[in-house]
Amino acid sequence: MENIVILAPVILSFFILVMPSGMRYFYTLGVTFFIILLTSAPAAGVLFHPAGVPQTFIAGGFLGTITFTLDSLGAFFILIVNFTVLTGLLYSNGYLRSYRSTKTPAQFALHYFSYTWLHLSMLCVLMLRDGTAFLISWELMAVSSFMLILFEAEKRTTLKTSVNYLIQMHVGLVLLIIAFLLVEADTGQFGFDGLPIYFSHHPNTPIFFLFFAGFAIKAGFIPFHTWLPEAHPAAPSHVSGVMSGVMIKMGIFGIVRVLTFVQSDAYLIGIIIMIIATLTGLYGIMMAIVQTDLKKLLAYSTIENIGIIGMGIGLGTIGLGLNQPALTILGFGGGLFHVLNHSLFKSLLFYCAGSVYKATHTRNIEQLGGLIHKMPRTAGLFLFGSAAICALPPLNGFISEILIYYGLFAGLQATSVFQTMSMLMSILALALIGGLALFGFSKAFGLTFLGTSRSEIYIGENVVGPGMLFPKLLIASIILLVGLAPMLFLSPLMGMIGAQFHVNPEPVVVSLIYALSKISLVGIILIILIIALLSLRKLVIKPEKVVYGSTWGCGYTAGTARQQYTASSFSANFAELADPILHSETEYRQIHEEEIFPEKRSFTFRPTDIFRSGISKIIDFSMLSLKKIARLQTGNIQHYILYAFIFILIIFTLLYLKIL
Amino acid sequence: MGLLLVIVTALFFPGIILRIKSIASGRKGPGILQPWKNIWVLLHKGSVISTTTSYIFRIAPVVYLATIFCAILLLPFPGMPSLLGFNGDFVLFAYVLALGKFMFILGALDTGSSFEGMGANREALYSMLAEPAFFILFGTLALLTGHTSMQQIFESFQFAGHNSFIIGFIAVYLLVQIAMIENSRMPVDDPKTHLELTMIHEVMILDHSGFDLALIQIGTALKFAMYGLLIANFLVPVDAEQLIVNGEHLIMNSEKGIVKNVGEGWMVVMQVGVYFIVQIVFAALIGLMESFRARKKLVRNPQFIVTLSSIALVAFILVLLITFKMIR
């Protein structure tokens, strides 16, 4: 019976390929619902069960048996994955409608098929403990997301980006294989089950960081992030939302999973994760600020949020090393809670950016502006998401950040100067990240949606239908719910962390309940105050006394939309301050004194990613050397026979000399 | 109680600054309540709204004022149990204010004016740079006192021994400077400048008029008084048996425990009195600083603001030295 239930989604997914075009979306939706019901029910059972006993399902077949193990950590991620995949699918119907004229039904079929497989492979990653099965689903995840990015393959950059993505994912895969093999060589077990044995009598740090590097490529920690800001903008928006919202979190899941087995050196590991994560957060948001491509900005902000999650995880690991349960609970709690929160607001923001792209056919902020008049609901939702991602109360981002702040302030009271200083530096970094995020998202929202349009853009009526708005509203309401009633979500999470890391969460949870209730109270007071003041405003301002006119232009009345502040000018003073790190390029010819009638000139601002140029240098070098080897490939049959002959000769000689 | 006192102070605060500035420049100056008379007029006036703007422009001043109210609610008043205090409440304090700032910046961007875009950009940059100074300062205080709620920090701070005197001095200096930056006052911004190109706060409200402008001005007055209360928390004594020389000099009694209950009747009167003295001195100080100090070049501003963070770092290292000496 279990066999059939587990195999059913796989078999059902293949029918997506042969469905008639009209039915395909609804069939995919049905399959997705089925998968979600199938996995969410046991996941919720495990997560909300006080003891958190793992459940196992065994699927047998002619190729052998696979064991699915559903524990509380996996269950937590499964619920997040299911929700985001569902909203992405709901959104995709409206979003992909405009592609119906340009794409063939076969391409749509492949797209929905890959989408379902991305979902399935993520769920498998979360439930498989065996190395081979885990790596196969890890690979399936990379391939299916690769197919999804490829949707607009007719664009050259998309093709290049997705191949780049596939290559980098495989570098990660190789690192994971090596790590698993090293564990197997010692313990004889290929998979996560071998880890506790390995960690018990070997130094933990090297093998952990091998795993960390493999997973970090997926998660997007610097310097492994370079695929991310390219791949997210290239993909269709619902795919970017799912990739950024949940797929990269599989990397986080992997890191946390390995951390649950770590037995020594936790302090050192924690400090190193903390440093990498802090740099990731700062670099990510700094790069986000200078971007002019809306989706690229969101992609870099994803890197920033991975940094915040990493800070939480690093803090939790330090807590493990120091045997301070409060740090472990608050660190992992904040980090993993941010995984949930980020999956919510980042998918919301990507869906909104997708609606903007659909309406205007551009992602360049320099050309946008004033969209709030044409798309007021999308604008409102983007604002909501921006406020949440900037960790502004009373929304959800604030809750996870304050948990990390709690942990950092608790860590301040240490006996070692080094620890106190590193905690303070992290507090400093987190505060700075908060300020920078505010800067970046006031730019993203303000310049895209406010003011007037910076170029001639035609926006049709009703581009964003109710079908596209519904999933966004769903996410927004959950964001508000998490912000106002965080304990609802936090208490199972805390229980899970307690069970996974063998600490007692009770004392921390008790003090958190008090603080979080106060935060909710302030949030409610804030909302009531805003509503009261708004109604007062409505009462006091009499419509006949309001005059409408143009914006004050300091006496200059011929102002045009081109005179508005642009995205580059908004970030110019910051880019100048951060130039030692960012190295942005500007192209502009100064006006000479002799030039009485200045010619027409242009200004270009190009943000560059130093890590990306570093990696492309390595790639260029290897390409060049590989090209030299490629000269052997002449296409001449005689040459190939010669190679074969030389090869046989070498083998023969080696055998003769008894070397082989 | 705190909210009430802040509102009362806010009534006089902008007037005192104006009066001091007038006196310093040799004029008689308007009455203390003149700024509020202006606000009263504004509340009844009609408004001119730009056709470029959207609903963001209309809700921005409302959210701005609401966040300031909430922030004030979070602050404790010396010697009294705070209503909303909890561990780490200063994080909420900073982020609630950030929400108001975020909406305020967006309200300015909503007009599509290049000047207001410029102001919005500067506001965002400076408040981003000032954020770390505030957090390091509270990190320092948390390390010194071992508490993370503002109420407990301020109460135990006064009993932390002789060492807290120097930290208190640095903290008050930093808070005065942060208040100046957050309210867009002198070394960073000049409220009286006439050139839009060099404005920050004033340029952002160019298009606001009538009721909306009044809300912003009320917000600004409250924000000043709010920072005054924050500073007063360092200076107003909490223990009845403490000897007050004046608002700034306290004789420490480190053997005393932390007083949690509200003091005797005359104690409250004395505390409120000291609170008002602190607020008046703070307002006078701002007036004097604005009269005798020139605004910095705009390109120098980031440097100035980052300096505050480094001063806070120095304070932190100082505390580190103090506390580790105490352990050994």
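Predicted, not measured: the structure shown is a model, and the values here were computed from it. (Residues numbered from 1 in each chain as written. Chains lettered and ligands numbered in written order. Predicted model: local features only at pLDDT ≥ 70, side-chain atom pairs only at ≥ 80, totals over all residues.)

### A word on the overall build of chain B
Consideration 1: The helix and strand inventory of chain B stands at 11 helices and 3 strands.
Consideration 2: The N-to-C order of helical and strand elements in chain B reads α-α-β-α-α-α-α-α-α-α-β-β-α-α.
Consideration 3: Burial analysis of chain B (328 residues in total) assigns 57% to the buried set.
Consideration 4: Partitioning the contacts of chain B with sequence separation of at least 6, the portion at a separation of at least 24 is 77%. (Helix = DSSP H or I, 4+ residues; strand = E, 2+ residues; numbered from the N terminus. Buried ≥ 20, exposed ≤ 12 C-beta atoms within 10 Å, placed from the backbone. Contact = placed C-beta atoms within 7 Å.)

### Points about the overall build of chain A
Consideration 1: Scanning chain A from terminus to terminus reveals 25 helices and 5 strands.
Consideration 2: At 27 Å, chain A has a C-alpha radius of gyration in line with the 26 Å of a compact globule built from 660 residues.
Consideration 3: Across the 660 residues of chain A, 51% fall into the buried class.
Consideration 4: Sequence separation of 24 or more characterises 79% of the internal contacts of chain A that already satisfy a separation of 6 or more. (Rg over C-alpha atoms; globule rule 2.2 N^0.38 Å.)

### Quick notes on the interface of chain B and chain A
Consideration 1: Each side of the interface is counted separately: chain B has 65 residues, and chain A has 65 residues.
Consideration 2: Looking at the side of chain B that touches chain A, the element that brings in the most residues is helix H5 (residues 114-145) of chain B, giving 17 residues.
Consideration 3: Here the residues of the side of chain B that touches chain A sort into 42 nonpolar, 19 polar and 4 charged.
Consideration 4: Relative to strand E1 (residues 47-50) of chain B, strand E3 (residues 546-549) of chain A runs parallel, the two being bridged by 4 bridges. Bridge pairing in E1 of chain B links Val547 of chain A to Val48 of chain B. (Nonpolar A, V, L, I, M, F, W, Y, C, P; charged D, E, K, R; others polar. Pairing = 2+ DSSP bridges.)

### Thoughts on the packing of helix H3 (residues 72-95) of chain A against helix H10 (residues 237-247) of chain A
Residue and element names in this part refer to chain A.
Consideration 1: Remark: H3 packs on H10, axes separated minimally by 8 Å, with the N-to-C direction vectors making an angle of 170 degrees. Considering their axes alone, H3 and H10 lie roughly antiparallel with respect to each other. Within the contact between the two elements, H3 uses Ile80, Val81, Thr84, Val85, Gly88, Tyr91, Ser92 and Tyr95 and H10 uses Ser237, His238, Gly241, Val242, Gly245 and Val246.
Consideration 2: Looking at side-chain class alone, the contact of H3 with H10 contains 7 nonpolar, 7 polar and no charged residues. (Axes fitted to C-alpha atoms, helices over the stretch in contact; angles between N-to-C directions. Parallel < 35°, antiparallel > 145°, perpendicular 65-115°, else oblique.)

### Section: the nonpolar core
Soluble globular proteins tend to bury their nonpolar side chains together.
Consideration 1: Core analysis: the biggest nonpolar cluster contains 315 residues, and Met122 and Leu392 of chain A together with Phe102 and Met226 of chain B have the highest contact counts within it.
Consideration 2: Looking at this core, the element that brings in the most residues is H5 of chain B, giving 19 residues.
Consideration 3: Once you skip the residues sitting within four places of it in the chain, Met122 of chain A turns out to touch Val81, Met141, Val246, Met247 and Met250 of chain A. (Core = buried A, V, L, I, M, F, W, Y, C linked by C-beta atoms within 7 Å.)

### Considering the environment of Leu3 of chain B
Residues and elements named next belong to chain B.
Consideration 1: Among the secondary structure elements, Leu3 is positioned in helix H1 (residues 2-24).
Consideration 2: Separated by 66 residues in sequence, Leu3 and Phe69 have C-alpha atoms that sit 7.9 Å apart.
Consideration 3: If near-sequence neighbours (up to four positions away) are discounted, Leu3 is found in contact with Ile72 and Leu73.

### Focus on helix H18 (residues 417-449) of chain A
Counting along an α-helix, one turn takes 3.6 residues, and residues three or four places apart therefore face a common direction.
Residue and element names in this part refer to chain A.
Consideration 1: For H18, built from 33 residues, the straight-helix expectation of 48 Å at 1.5 Å per residue is met to within 8% by its first-to-last C-alpha distance of 47 Å.
Consideration 2: With 28 of 33 residues buried, H18 is to be regarded as a mostly interior element.
Consideration 3: Gly451 sits one or two residues past H18 and shows a positive phi near 75 degrees. (Expected span 1.5 Å × (residues − 1).)

### Concerning the packing of helix H3 (residues 55-74) of chain B against helix H4 (residues 89-109) of chain B
Residues and elements named next belong to chain B.
Consideration 1: Where H3 meets H4, the closest approach of the two axes is 8 Å, and the angle between their N-to-C directions is 165 degrees. Viewed along their axes, H3 and H4 adopt a mutual orientation that is roughly antiparallel. Crossing hand, H3 versus H4: left-handed. The segment H3 lies against H4, with Ile56, Phe57, Ala60, Pro61, Val63, Tyr64, Thr67, Ile68, Cys70, Ala71 and Leu74 engaging Asp89, Leu92, Phe93, Val96, Leu97, Leu99, Gly100, Met103, Phe104, Leu106 and Gly107.
Consideration 2: Here the residues of the contact of H3 with H4 sort into 18 nonpolar, 3 polar and 1 charged. (Left-handed = near helix turned anticlockwise from the far one by under 90°.)

### Looking at the environment of Arg122 of chain B
All names here are of chain B.
Consideration 1: Among the structural elements, Arg122 can be located in helix H5.
Consideration 2: Since 24 C-beta atoms lie within 10 Å of it, Arg122 is described here as buried.
Consideration 3: In this structure, the C-alpha to C-alpha distance between Arg122 and Ser47, residues 75 residues apart in sequence, is 26 Å.

### Topic: unusual backbone geometry
All names here are of chain A.
Consideration 1: Here the residue pair Ile222 and Pro223 is connected by a cis peptide bond, since its omega of 0 degrees sits within 30 degrees of zero.
Consideration 2: One can find Pro223 in the loop between helix H8 (204-219) and helix H9 (228-234).
Consideration 3: That bond from Pro393 to Pro394 is cis: its omega, 5 degrees, falls within 30 degrees of zero.
Consideration 4: Looking at the element boundaries, Pro394 is found in the loop between helix H16 (376-389) and helix H17 (396-412).

### Here's the deal with helix H20 (residues 487-501) of chain A
Residues and elements named next belong to chain A.
Consideration 1: For H20, built from 15 residues, the straight-helix expectation of 21 Å at 1.5 Å per residue is met to within 8% by its first-to-last C-alpha distance of 20 Å.
Consideration 2: Considered for burial, the residues of H20 that qualify are Leu490, Pro492, Leu493, Met494, Gly495, Met496, Ile497, Gly498, Ala499, Gln500 and Phe501.
Consideration 3: One or two steps after H20, the chain reaches His502, where phi turns positive at roughly 55 degrees.

### Notes on the environment of Ser200 of chain A
Consideration 1: Along the chain, Ser200 of chain A falls in helix H7 (residues 195-200).
Consideration 2: Judged by C-beta crowding, with 12 C-beta atoms within 10 Å, Ser200 of chain A ranks as exposed.

### As for the confidence of the model for chain B
Low pLDDT means the predicted coordinates in that region are not meant to be read closely.
Residue and element names in this part refer to chain B.
Consideration 1: Looking at chain B, the pLDDT average stands at 83 and 88% of residues meet or exceed 70.
Consideration 2: Throughout residues 240-263 the model reports pLDDT below 50, and contacts reaching past four residues in sequence, or to other chains, amount to 39 contacts.
Consideration 3: Interface confidence for the predicted complex, given as ipTM, is 0.90, next to a pTM of 0.92. (pLDDT = per-residue confidence, 0-100.)

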